Amino acid sequence: MQQARCPPALMPAAHGTGPSPGPLWEGGVGRTRPPALPLPPAQLSSSQEPSQWEGGRKVQGPGSRGPPTPRQRHHRRRGRAGLATMATLFSQTQRRPPLLRQAIKIRRRRVRDLQEALPHRAQEIEPTSHHLSPEERALLYEEALYTVLYRLGQPEPTHVGESSELLRYLQELPTLLHHQAFRMEPKEHEQMLRQVQELEKPIFCLKATVKQAKGILGKDVSGFSDPYCLLGIEQGVGAPGDSPGLQRRQKAVVRHTIPEEQIHRTQVIAQTLNPVWDETFILEFEDISNASFRLDMWDMDTVESVRQKLGELTDLHGLRRIFKEVRKDKGQDDFLGNVVLRLQVWASPARPACQDLRCREDQWYPLEPCTETYPDRGQCHLQFQFIHKRRATMASRSQPSYRVHLHLLQQLVSHEVTQHQAGSTSWNGLLSPQAATVLFLHSTQKDLSDFHQSMAQWLAYSRLYQSLEFPSSCLLYPITSIEYQWIQGRLKAEQLEELAASFSSLLAYGLSLIRRFRSVFPLSVSDSPARLQSLLRVLVQMCKMKAFGELCPERGPLPRLVTEALQTGTTEWFHLKQQHHQPMVQGMLEEGKALLNLVQDIIGDLHQCQRTWSKIFHNVLKIDLFSMAFLELQWLVAKRVQDHIAVVSGAVTPEMGESLFQLYISLKELYQLGPVLSERDGVLALEGFHHWFQPAIPSWLQKTYSVALERVQRAVQMDELVPLGELTKHSTSAVDLSTCFAQISHTAQQLDWPDPEEAFMITVKFVEDTCRLALVYCNLIKARARELSAGQKDQGQAANMLCVVVNDMEQLRLVIGKLPTQLAWEALEQRVGAVLEQGQLQNTLHAQLQGALAGLGHEIRTGVRTLAEQLEVGIAKHIQKLVGLKESVLPEDVS
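Residues numbered from 1 in each chain as written. Predicted model: local features only at pLDDT ≥ 70, side-chain atom pairs only at ≥ 80, totals over all residues. Heavy atoms only, no water.

A. Quick look at the overall build of the protein chain. Counting its secondary structure elements, the protein chain contains 28 helices and 10 strands. In the protein chain, which comprises 895 residues, the share counted as buried stands at 48%. Pairs at least 24 apart in sequence give 83% of the contacts found in the protein chain among residues at least 6 apart. For the protein chain, the computed accessible surface area is about 43600 Å², with 53% contributed by carbon and sulfur atoms. (Helix = DSSP H or I, 4+ residues; strand = E, 2+ residues; numbered from the N terminus. Buried < 20%, exposed > 50% of the residue type's maximum accessible area, 1.4 Å probe, protein only. Contact = heavy atoms within 4.5 Å. Areas by Shrake-Rupley, 256 points an atom, 1.4 Å probe, with all protein chains shown as cover.)

Written as structure tokens, this is what we have:
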């Protein structure tokens, strides 16, 4: 058989082309769907219908139907008129995605080779439509009604027993009467039901499989038997009861109750007490209410001489068997036991209807004796299934069974998902009892193998997943089942092509979801990580299947395909964010703010990748999403920042300098976030990014000094030269000055210029500005003291203000002394040791600091002298006042 190939996947569309995306969710993307392609009808007669079951030995029952009646011919003509629109080819040919810039290694590009990458969106994957045309819906509805009307057997415990409830389910949703499953109006439903009831009944069959037996009687001299089975359907059995006549009939053998041409026989298994047959037979019957299944097990008796039998003698029991053989006729087989089962048991208090055979049975049955001798005769393992032959519906006559089941499954699953969405709940993948019953009956009656049921489930779920919202974990069971039962030769060429197309379609759709995982699986939704992990596991299991490897041999490894999708999706996400931050008003400041917001979004996305997404991709596919996203985004950011700085570097205004400083800090954070790269990763595009901002350094330093000077002036103007407390003798301006200097140190730490020599010059500038601000503060605080004491008549108050000024200067001297620690001079000295001359840092920075401290000491000493002079005048006046006191005042009373 020719091997089916996967259709090529989708090629990326040009930017701005292709269908516009609709609402996004895990299981589907809303969009306009192309019309379905009609499948050419295959008008199969009953003799041309493909085999509906596999395994064992299939023996057709006797009897064939005669020529069709006029009513049958009428319905066949009516069905052929709409047969051309019967089926829909759900899978469509797609084209393969490109290698997604595989030849271009972004991480190996140097900064001088950076080029703008034009945004391109891969063509959206069009999910196959699961909606049916009116003609297709009518035929499928007819098939479902036919299935319910001619159901056989007792329902399963979890299934619906009432056919009327199933008919209501097929017509309408249980909760929303205006929303029908097949969108059938009541008149349409009644008319279709009458038409189905007028169709010819199917041929009812019991598919019986004789698996094995154990513990049977040994009838031969050797102690073993040569067992075989005779089985068939006995018709015309009366109502069950305990009458002696009925009991005698149940003990009768198959040869006496069933016509010879309707008796089926298994092979003879030689010399065993635990035979294994595993043979299947199709037994037809007309009326289930008066039909019984009968199976007799016999020991094949071969004609042997007494001498041969004596040679096989092993014990006294064997000798007794020899005497018995001598007495009976030669060639007469020995009866080993039988199994008699009514297909349908009449309801009565003694025998409730629950004793009916189920649609499918798989049990061990005891072998009953004809007489009371040897009551324990062993057990026989039998499997039963009620099936139909020659179903009169148009769908059954014109399409393979699994395809009809596929369409029915798609319709009912879509119905279930829609029902849950209408109730604002998510479908958990479990079908309702009504839907499960209809599908079980249909697969049983059509005798679909487990493999074809799994294949239909896979095709239905994989298609619906691309248009409806439900958990991807629902795809795991059919994947596992197909893998377990996979035999390529059991499928026809068109089935192989359909299965290959479903693999290709789901893979392409899954890659499209992975490409857009940031928007399809947002972290704002709590279960997004679990949904993404489930999708990845489904794709991994699918690509590991033997069927996938045989039908899609040209597909690359899944990790490579996912990596390419992630790279493309990361680039697309970047350009979407860039468009989102595009300013409404064009201008350099606005462009700078937009670029800053873009970099912040990228940093946030990388943090999310590091904390959540990268763990998922690494656990499932061993893909380092964080490193891949960083390498991709840093290249795009580098080019964008370079273009922006090239435009604004000519005239850096204070406002623009502030914008560039914030952008520099964000780029520094982004660069430090990156992983440790190996030599094969090459040079990062952000390597040496600080050089891009060199023209803005003077503006940054001037801005820092200007802001600090304004704060010092404002702090002194608001200072009332009053101590802050009993233990704190300095005023508010000293505290504000300490905060101002701390802000300067923080700015220096934020800048943290990588180039050692330039970092030294920047530090020199910071120290120089700090020392200058200290001297400016001394002058301002003294002027403030003179201003406040000018109108004071109380010299003591003026002296107190002068004390506060001296304490403020002393506090300033202590703050200035912490500059080496705050500006990390020791680390700077280690960095610049290789580029500066010996002692240059000591001669420059420490000389500046010592000069500032000396100036402050001089100011403090000057203040103390002034204070002493004022206190000296006040003390002299106080002594003179004491001398002028009257002598009547005792010395100890003088205060």
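B. Spotlight on the pattern of salt bridges. Across all of its chains, the model carries 22 salt bridges by this definition. Note that K765 is salt-bridged to D769, the shortest N-O span being 3.4 Å. Of the two residues, K765 and D769 are both situated in helix 24 (residues 756-789); the distance of 4 residues between them amounts to about one turn of the helix. Overall, the relative accessible area of 25% leaves K765 in the partly exposed class. On the basis of relative accessible area, D769 is assigned to the buried category, the value being 4%. (Salt bridge = Lys/Arg side-chain N within 4 Å of Asp/Glu carboxyl O.)

C. The arrangement of the pairing of strand 4 (residues 227-235) in detail. Among the 9 residues of strand 4, 8 are classified as buried, and the element is accordingly described as predominantly covered. Alignment of strand 4 against strand 7 (residues 291-299), held across 9 bridges, turns out to be antiparallel. Bridge pairing links G232 to R294 in strand 7. The pairing of strand 4 with strand 5 (residues 264-265) spans 2 bridges and is classified as antiparallel. (Pairing = 2+ DSSP bridges.)

D. Highlighting unusual backbone geometry. Phi at D752 is positive, roughly 40°, even though this residue is not glycine. The residue D752 is located in the loop between helix 23 (732-751) and helix 24 in this model. A positive phi angle is found at A824, which is not glycine, with a value near 55°. A824 sits in the partly exposed class, given a relative accessible area of 38%.

E. Examining the sheet that holds strand 6 (residues 276-285) more closely. The strand order across the open sheet built from 4 strands is 6-3-10-9, with neighbouring strands paired in antiparallel fashion. On the outer flanks of this sheet lie strand 6 and strand 9 (360-366), each paired with one strand and no other. Going from strand to strand, the sheet's axes swing by 20° on average, the running direction of each strand aside. The pairing of strand 9 with strand 10 (residues 379-389) spans 7 bridges and is classified as antiparallel. Note on strand 10: the bridge partner recorded for Y365 is C380. Against the sheet, helix 11 (residues 433-445) makes contact with strand 9 and strand 10, and its axis sits at roughly 95° relative to strand 10, the strand it touches most. (Axes fitted to C-alpha atoms, helices over the stretch in contact; angles between N-to-C directions.)

F. Here's a closer look at the packing of helix 2 (residues 134-149) against helix 11. Following both chains from N to C, one finds helix 2 and helix 11 inclined at 85°, their axes separated by 9 Å at the closest point. Considering the angle they form, helix 2 stands roughly perpendicular to helix 11. Only V438, L441, H442 and Q445 of helix 11 make contact with helix 2, whose side of the interface consists of E143, T147 and V148. Of the residues that constitute the contact of helix 2 with helix 11, the class distribution is 3 nonpolar, 3 polar and 1 charged. (Parallel < 35°, antiparallel > 145°, perpendicular 65-115°, else oblique. Nonpolar A, V, L, I, M, F, W, Y, C, P; charged D, E, K, R; others polar.)

G. Region of the structure containing helix 16 (residues 528-544). Between the first and last C-alpha of helix 16 there are 25 Å, a value that for 17 residues agrees with the 24 Å anticipated at 1.5 Å per step. Listed in full, the buried residues belonging to helix 16 are S528, R531, L532, S534, L535, L536, V538, L539, V540 and M542. (Expected span 1.5 Å × (residues − 1).)

H. Broad picture of the packing of aromatic side chains. Applying the stated criterion across every chain yields a total of 23 aromatic pairs. Note on W298 and F335: the rings are 5.2 Å apart at their centroids and 75° apart in plane angle, and the pair reads as edge-to-face. Taken as a pair, W298 in strand 7 and F335 in strand 8 (residues 334-342) lie far apart in primary sequence, 37 residues in all. For the pair W298 and F335, a shared accessibility class is recorded, and that class is buried. Here the aromatic residues F661, Y664, Y671, F689, F693, W700 and W753 are joined through ring pairs into a cluster of three or more. Taking the ring centre of W298 as reference, the NZ or CZ of R255 above it sits at 5.0 Å. Taking the ring centre of Y705 as reference, the NZ or CZ of R772 above it sits at 4.8 Å. (Phe/Tyr/Trp six-rings, centres within 6.5 Å; stacked < 30°, edge-to-face > 60°. Lys NZ or Arg CZ within 6 Å of the ring centre and 35° of its normal.)

I. Fine view of the environment of T821. Inspection of the secondary structure assignment puts T821 in helix 26 (residues 819-822). We classify T821 as exposed; its relative accessible area is 69%. Separated by 76 residues in sequence, T821 and S745 have C-alpha atoms that sit 9.6 Å apart.

J. Quick look at the nonpolar core. Judged by nonpolar contacts, the single largest core of 207 residues is most densely connected at F293 and F693. Apart from the residues lying within four places of it in its own chain, the contact partners of F293 are L206, A208, L231, G232, I233, L283, V339, V340, L341, L343, L382 and F384. In terms of nonpolar packing, the next biggest core, distinct from the first, is built from 7 residues, L230, V254, I258 and W298 among them. (Core = buried A, V, L, I, M, F, W, Y, C linked by side-chain atoms within 4.5 Å.)

K. Up close: the environment of D605. In this structure, D605 sits in helix 19 (residues 588-621). Distance in space between the C-alpha atoms of D605 and A629 is 9.1 Å, their sequence separation being 24 residues.

L. Main features of the sheet that holds strand 7. An order of 5-4-7-8 is seen for the 4 strands of this open sheet, with the pairing classed as antiparallel. Looking at which strands have only one partner, the edges of the open sheet turn out to be strand 5 and strand 8.

M. Structural detail: the pairing of strand 7. Here strand 7 lies mainly inside the structure; 9 of its 9 residues are buried. Of the strand pairs in this sheet, strand 7 and strand 8 are connected by 8 bridges, and their pairing is antiparallel. By the bridge assignment for strand 8, D296 is matched with N338.

N. Inspection of the packing of helix 21 (residues 654-673) against helix 22 (residues 697-717) at higher detail. Interaxial distance between helix 21 and helix 22 falls to 9 Å at its minimum, and their mutual angle equals 105°. Taken together, the axes of helix 21 and helix 22 are roughly perpendicular relative to one another. Across from P654, G657, E658, L660, F661 and Y664 in helix 21, the residues of helix 22 making contact are S699, W700 and K703. Residue classes in the contact of helix 21 with helix 22 are distributed as 5 nonpolar, 2 polar and 2 charged.

O. View of the environment of E572. Locating E572 in the fold gives a position in helix 18 (residues 558-580). Since its relative accessible area comes to 7%, E572 is described here as buried. C-alpha separation for the pair E572 and R516, spaced 56 residues apart in sequence, amounts to 8.5 Å.

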